[in-house]
Amino acid sequence: MTADDGRTIIRCYSQNGEDRRDFDLSELALPSSVREALIAALAARTAPGAGLTSMNCFVRAHLTLRNFDHYLAGLEVIPQEPAQITPEHFDGFQEHRRTRGLKNVRADLMELRQLLLRTPGVSDALAARLAGVLPPRIDSQPVPSYSRAELRRIAEAARKTLRTAASRIRENRELLQKFREGEVDVSADLHLRRRLEILDHLDRFGDVPRRHRRTGGMTQYAPEIWVTLRGRVKDLVAWLNLTPEEASAASVLFAVMTGQNPEVILKMPAAHHRADGGVGPGTAIVGLRKPRRQGRAYMDFALSEVPDWISIPEQPSHLSSRDELHTPFGLYALVHELTARARHFSGGNRLLVAYMVSGGGLNTPGRGWRPIPTNNTLASKLGRSWGLKSDEADADGNPLPMRPLRLDALRMTYVELHQKPVAHTTRTAATQYLVRNRGNIDEYRKVVAETLDSEVAKARVRSAIAVMSPEQVAAAHAHVDQAAAEMGLDATVLKRMLAGELDTVLAACTDNDHGPYSPPGEPCSASFLLCLGCECARALPRHLPIQVLVHDRLAERRRQMTALQWAQRFAAPHARLADLLDQCDAAAVEDARASAGEAEHALADRLLNRELDIR
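Nothing here was measured: the structure is a model prediction, and the numbers come from that model.

Criteria and cut-off values
- Residues numbered from 1 in each chain as written.
- Predicted model: local features only at pLDDT ≥ 70, side-chain atom pairs only at ≥ 80, totals over all residues.
- Heavy atoms only, no water.
- Helix = DSSP H or I, 4+ residues; strand = E, 2+ residues; numbered from the N terminus.
- Buried < 20%, exposed > 50% of the residue type's maximum accessible area, 1.4 Å probe, protein only.
- Contact = heavy atoms within 4.5 Å.
- Areas by Shrake-Rupley, 256 points an atom, 1.4 Å probe, with all protein chains shown as cover.
- Salt bridge = Lys/Arg side-chain N within 4 Å of Asp/Glu carboxyl O.
- Expected span 1.5 Å × (residues − 1).
- pLDDT = per-residue confidence, 0-100.
- Pairing = 2+ DSSP bridges.
- Core = buried A, V, L, I, M, F, W, Y, C linked by side-chain atoms within 4.5 Å.
- Polar contact = N/O pair within 3.5 Å; in protein donor to acceptor, adjacent residues only side chain to side chain.
- Phe/Tyr/Trp six-rings, centres within 6.5 Å; stacked < 30°, edge-to-face > 60°.
- Axes fitted to C-alpha atoms, helices over the stretch in contact; angles between N-to-C directions.
- Parallel < 35°, antiparallel > 145°, perpendicular 65-115°, else oblique.
- Left-handed = near helix turned anticlockwise from the far one by under 90°.
- Nonpolar A, V, L, I, M, F, W, Y, C, P; charged D, E, K, R; others polar.
- Disulfide = S-S within 2.5 Å.

The number of helices and strands found in the chain is 24 helices and 14 strands. Taken across its 615 residues, the chain has 44% of its residues classed as buried. Sequence separation of at least 24 residues holds for 63% of the intrachain contacts in the chain that already meet a minimum separation of 6. Looking at the chain as shown, the accessible area adds up to about 31,800 Å², and 51% of this sits on carbon and sulfur atoms.

If you want it as structure tokens, here you go:
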């Protein structure tokens, strides 16, 4: 579209409707034919339904187009039309970006490929190159987590900041309320009267009293002189509202207690549903959005009034029932209260809102009320102001300063300490988060090794499942009573077992009402995986295919889960199945694997997905 001043712009809206940005394309230097084609490609790339949903994605697409335009315009022979853009230009742009020492070259090429695929008139040769292989992804730098002690220091610093802010804001609101009700006499105290005038004006209009001032031929809307005598505007606004740094402290505490993505936390909405109905333990359900999940981007998240174990002080008796900052719900409710007036002036639905004394970039010029930025600048600045110490020490034994405070590092720490995914799959937690973390990898490996040894040892100590060979099955069919006596079973039970009437999944059960996992006389409700170590179970040749499949599935899941989770849940049954298969002929095992049909595959999946468990 064309702006009022004649500039060519593309206006983009984020999917949630909160952000809008105009991208200026008038500065593109390529010939008009190429420029118009690339602008059309960018318009198609950023159009509704094209796949981009966040403002960060729009910015990357625009920057990639600008960088490619700058690269082509600097060549000796500049393409005059889209068909003259060659594969050499694509590869040359890659080398141009790499020689500048940039780490996101592959991301630039991926975005450029999407733009060129939408560019009308490109050559077949370029289209073929775009379908080719891109350079491999450069391994990202390890994201170290914080230790448990460092995390506690961060959480306590954030709580202290928010407690101080809550005390200040509540005291000033109470004073303002008394003034409005005529309970405060200000006739003999000019300082108090001025203070209350500022509070009243600030609460009504969201700003301090101002005046027009002429400076250098320009008119400024400056604070009244008597206002400036009482402090900076930022400090005065903070009498009734959170500062950007205090709102950032809330985001830090949310990251400590929930482990959510930084952008998800910083864009958390103020609208919520009280699942508890306003009584009993508080629970607020908020709608979060994680764009990278695409079709599953929107999700409901419950903030409960139950303290996470990380939040509990070393002395639990020090945890007051009135301390709202040790539970996600308490933190949410407090921040919701302290930012209510700020949200009124900003006009949005974000939870973390504050007064900014300067511009926030394009489309957010000057001072004003708005959500705190979604970058890591505020959190890093906040961490430096706290002056926290790390667990490491210098040569003299003095603690070293803690590394920069990052919300993504707090998320990494949460995933590591809890060993569970947060708004991602278990496989992603294992392969994308924990693998990248090198903060406590040695300690983690030690815990995993100890768990593996313990579970395998328990599997080996417990009595192994009794196995019937094909010859024993044939003999039992021929002489049921004799075989039953030798096995210590009732003849009727043996007949039913041979007929397949007592099959569970991995074996047959000879006594469902007197197993080791349930009270005597009650049906067994244990997982079928526990049959592998149960004295009531018998493994027959017909069970071999499903046993092989489950053994293989367990091995596959080792690559899809965190090492500790796999060790805790599957190490013991995997070891028992491995011992069981070792007793069989190798050829019989391979035949069983090959002969397993769809029914066995489906049964194995249902077993490991816990669809057969009694819950």
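Next comes the rest of the account.
Counted under the stated rule, the structure contains 27 salt bridges. In this structure, Arg153 and Asp391 form a salt bridge, with 3.0 Å as the shortest nitrogen-oxygen distance. Here Arg153 is found in helix α6 (residues 148-180), whereas its partner Asp391 is found in strand β10 (residues 389-393), with 238 residues between them in sequence. With a shortest N-O distance of 2.9 Å, Arg168 and Glu246 are connected by a salt bridge. Placement of Arg168 in helix α6 and of Glu246 in helix α10 (residues 244-258) is noted, with a sequence separation of 78 residues between them. Arg168 sits in the partly exposed class, given a relative accessible area of 22%. Among the charged side chains, a salt-bridge network with shared partners connects Arg180, Asp200, Asp203, Arg204 and Arg341.

This part is about the side chain of Thr64. Within the fold, Thr64 resides in helix α2 (residues 55-73). Residue classification places Thr64 among the buried residues on the basis of a relative accessible area of 2%. If sequence neighbours within four positions are ignored, Thr64 has contacts with Asp108, Glu111, Leu112 and Leu115.

Turning our attention to helix α15 (residues 407-418). With 12 residues, α15 extends 17 Å between its outermost C-alpha atoms, agreeing within 8% with the 16 Å of an ideal straight helix rising 1.5 Å per residue. Most of α15 sits inside the fold, with 11 of its 12 residues counted as buried. All of the buried residues in α15 are Leu407, Ala409, Leu410, Arg411, Met412, Thr413, Tyr414, Val415, Glu416, Leu417 and His418.

Across the chain, pLDDT averages 81, with 82% of residues at or above 70. This stretch, residues 316-322, has a pLDDT under 50; its non-local contacts, to residues over four places away or in other chains, come to three contacts.

On the secondary structure map, Ala342 appears in helix α13 (residues 340-346). Judged by relative accessible area, which is 2%, Ala342 ranks as buried. Remark: the alpha-carbon pair of Ala342 and Leu240, spanning 102 residues in sequence, is separated by 9.1 Å. Residues within four places of Ala342 in sequence aside, it is in contact with Asn241, Val353 and Trp369.

Ordered in space as β12-β14-β13, the three strands form an open sheet in which the pairing is mixed. Looking at the sheet topology across the chains shown, the edges are occupied by β12 (466-467) and β13 (508-509).

With that settled, the discussion passes to the nonpolar core. Counting 53 residues, the largest nonpolar core has Ile154, Trp386 and Leu410 as its most contacted members. When residues no more than four places from it in sequence are discounted, the contact partners of Ile154 are Tyr146, Val252, Trp386, Leu388, Met402, Leu405 and Leu410.

Secondary-structure assignment places Arg45 in helix α1 (residues 32-45). Of the residues examined, Arg45 reaches a relative accessible area of 10% and is grouped as buried. Engagement of the side chain of Arg45 in a polar contact is seen with the side chain of Glu111, the distance being 2.8 Å. Once you skip the residues sitting within four places of it in the chain, Arg45 turns out to touch Ala50, Leu52, Ala61, Glu111, Gln114, Leu115 and Arg118.

Mapped onto the fold, Thr243 is located in the loop between α9 (233-237) and α10. Setting aside anything within four residues of it in sequence, one finds Thr243 in contact with Ala238 and Ala354.

Enumeration over the complete set of coordinates arrives at five aromatic pairs. Seen from their ring centres, Phe68 and Phe93 are 5.4 Å apart, and the 90 degrees between their planes marks the pair as edge-to-face. Of this pair, Phe68 sits in helix α2 while Phe93 sits in helix α3 (residues 87-99), placing them 25 residues apart in sequence. The pair formed by Phe68 and Phe93 is uniform in burial state, with each residue classed as buried. An aromatic cluster of at least three residues, connected via ring pairs, comprises Phe68, Tyr71 and Phe93.

Taking 1.5 Å of rise per residue, the 14 residues of helix α21 (residues 544-557) would be expected to cover 20 Å, and the 20 Å separating its terminal C-alpha atoms lies within 8% of that figure. Within α21, 11 of the 14 residues are buried, leaving the element largely enclosed by the surrounding structure. Those residues of α21 that sit buried are Leu544, Pro545, Ile546, Gln547, Val548, Leu549, Val550, His551, Arg553, Leu554 and Arg557.

On to the environment of Leu52, then. The topology assignment puts Leu52 in the loop between α1 and α2. Distance in space between the C-alpha atoms of Leu52 and Ser14 is 8.5 Å, their sequence separation being 38 residues. Once residues lying within four places of it in the same chain are set aside, the contact partners of Leu52 are Arg45, Thr46, Cys57, Phe58 and Ala61.

What follows concerns the packing of α10 against α15. Where α10 meets α15, the axes come as close as 8 Å, and the angle between the chain directions of the two elements is 20 degrees. Taken together, α10 and α15 sit at an angle that is classed as roughly parallel. In terms of crossing hand, the pair formed by α10 and α15 is right-handed. Facing Ser251, Val252, Ala255, Val256, Met257 and Thr258 of α10, the residues of α15 in contact are Leu407, Leu410 and Tyr414. Classifying every residue of the contact of α10 with α15 by side-chain character gives seven nonpolar, two polar and no charged.

The next thing to look at is the state of the cysteines. Think of a disulfide as a covalent bridge from one cysteine sulfur atom to another cysteine sulfur atom. Evaluation of the coordinates by the stated rule reveals zero disulfides. Note on Cys524: no disulfide assigned, nearest cysteine sulfur contributed by Cys534 at a separation of 6.4 Å. Free of any disulfide, Cys534 has its nearest neighbouring cysteine sulfur in Cys536, separated by 4.2 Å.

Interaxial distance between α10 and helix α14 (residues 377-386) falls to 9 Å at its minimum, and their mutual angle equals 95 degrees. Our classification of the angle between α10 and α14 gives roughly perpendicular. Contacts between α10 and α14 involve Pro244, Glu245, Ser248 and Ala249 from the first element and Leu378, Ala379, Lys381, Leu382 and Trp386 from the second. The residue makeup of the contact of α10 with α14, split by class, is six nonpolar, one polar and two charged.

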